[in-house]
Amino acid sequence: GDPRHACTCSYSKIRRYRSRISGPLLDRVDIHVEIPALKYEDIARRADGESSAAIAARVDRARAVQLDRLKDAPGRRPAYCNAQLSPALIRRYCAVDERSHELLKTAIDRLGLSARAYHRVLKVARTIADLAGAERIEPGHITEAVQYRSLDRTTW
């Protein structure tokens, strides 16, 4: 996966290595992202990014929204955040518009996402919307959430 070094492993060797993690186990991981190695210039650059305090404040606001949304949620097990949503609560709190529905359909058809991965995408999209301060899940939130399923897109 390093763009600066060509992989010399055979397809079967890569497949054998990646098969150490089963599909059902991988389905239970909400976000998987490949992070490429940085060049020295990127590490040494002193670009001002968003501060940790600003990120923490945004996360706190999103968690407060989730707590408020879920305070009266029906069900035997109470949910306190999007990650704990049951399929019934996902249907209730992660409703999507027609454009988002089409994006999900395309992702499932092209990537072969499982039902579990579909639910994970919806929960992550709900969290992305919460972090953005959006009331509803929008197509951009779905697209971003699907991108966080990088190992689902990898040819094994």
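Because the structure is predicted, anything quoted here is derived from the model rather than measured.

**A look at the confidence of the model for the protein**
Within the protein, residue pLDDT values average 87, and 96% of them lie at 70 or more. When mean pLDDT is compared element by element in the protein, helix α8 (residues 139-147) scores highest at 96, while helix α9 (residues 150-153) scores lowest at 66.

**Quick word on the nonpolar core**
Core analysis: the biggest nonpolar cluster contains 23 residues, and Leu-85 and Ile-142 have the highest contact counts within it. Every element with two or more residues in this core is listed here: α5 (87-93), α6 (98-111), α7 (115-132) and α8. Broken down by element, this core gets its largest block of residues, seven residues, from α7.

**A few points about the environment of Thr-127**
Its location among the elements puts Thr-127 in helix α7. A relative accessible area of 26% means that Thr-127 is categorised as partly exposed. In this structure, the C-alpha to C-alpha distance between Thr-127 and Arg-63, residues 64 residues apart in sequence, is 8.9 Å. Each residue touching Thr-127, except ones within four places of it in the same chain, is listed here: Gln-66 and Asn-82.

**Some points on the pattern of salt bridges**
Evaluated as defined, the whole model comprises seven salt bridges. Of the charged contacts in the structure, one is a salt bridge between Asp-109 and Lys-105, with a shortest N-O distance of 3.0 Å. Residue Asp-109 and its partner Lys-105 are located together in helix α6, separated by four residues, close to a single helical turn. Classification of Asp-109 by relative accessible area gives exposed; the value is 53%. Across the pair Asp-130 and Arg-126 runs a salt bridge, and its minimum N-O distance is 2.8 Å. Taken together, the residues Asp-130 and Arg-126, both in helix α7 and four residues apart, mark about one turn of the helix. Assessed through its relative accessible area of 2%, Arg-126 is described here as buried. Where salt bridges share partners, they join Arg-69, Arg-126 and Asp-130 into one cluster.

**Description of α6**
The terminal C-alpha atoms of α6 lie 20 Å apart, and with 14 residues this matches the ideal 20 Å at 1.5 Å per residue to within 8%. Buried within α6 we find Ser-100, Leu-104 and Ala-107. Along the long axis of α6, the arc covered by the buried residues comes to 60°, so they all point the same way. Residues of α6 that are exposed and point over 90 degrees away from its buried face: Glu-98, Arg-99, Asp-109 and Arg-110. On its buried face, α6 sits against α7 and α8. In the stretch just after α6, Gly-112 is the one whose phi turns positive, near 65°.

**Looking at the state of the cysteines**
Scanning all chains against the criterion turns up zero disulfides. Looking at the unpaired Cys-7, the closest cysteine sulfur is the one in Cys-9, lying at 4.0 Å.

**Details of the packing of helix α4 (residues 52-70) against α7**
Packed helices, taken two at a time, are described by the angle their axes make and the gap between the axes. Across the interface, α4 lies against α7 with an axial gap of 8 Å and an inter-helix angle of 120°. Between α4 and α7, the angle is such that the two are oblique. Seen from above, α4 lies across α7 with right-handed handedness. Contacts between α4 and α7 involve Arg-58, Val-59, Ala-62, Val-65, Gln-66 and Arg-69 from the first element and Arg-126, Thr-127, Asp-130 and Leu-131 from the second. Residues of the contact of α4 with α7, tallied by class, amount to four nonpolar, two polar and four charged.

What counts and what doesn't
Residues numbered from 1 in each chain as written. Predicted model: local features only at pLDDT ≥ 70, side-chain atom pairs only at ≥ 80, totals over all residues. Heavy atoms only, no water. pLDDT = per-residue confidence, 0-100. Helix = DSSP H or I, 4+ residues; strand = E, 2+ residues; numbered from the N terminus. Core = buried A, V, L, I, M, F, W, Y, C linked by side-chain atoms within 4.5 Å. Buried < 20%, exposed > 50% of the residue type's maximum accessible area, 1.4 Å probe, protein only. Contact = heavy atoms within 4.5 Å. Salt bridge = Lys/Arg side-chain N within 4 Å of Asp/Glu carboxyl O. Expected span 1.5 Å × (residues − 1). Arc of directions from axis to C-beta. Disulfide = S-S within 2.5 Å. Axes fitted to C-alpha atoms, helices over the stretch in contact; angles between N-to-C directions. Parallel < 35°, antiparallel > 145°, perpendicular 65-115°, else oblique. Left-handed = near helix turned anticlockwise from the far one by under 90°. Nonpolar A, V, L, I, M, F, W, Y, C, P; charged D, E, K, R; others polar.

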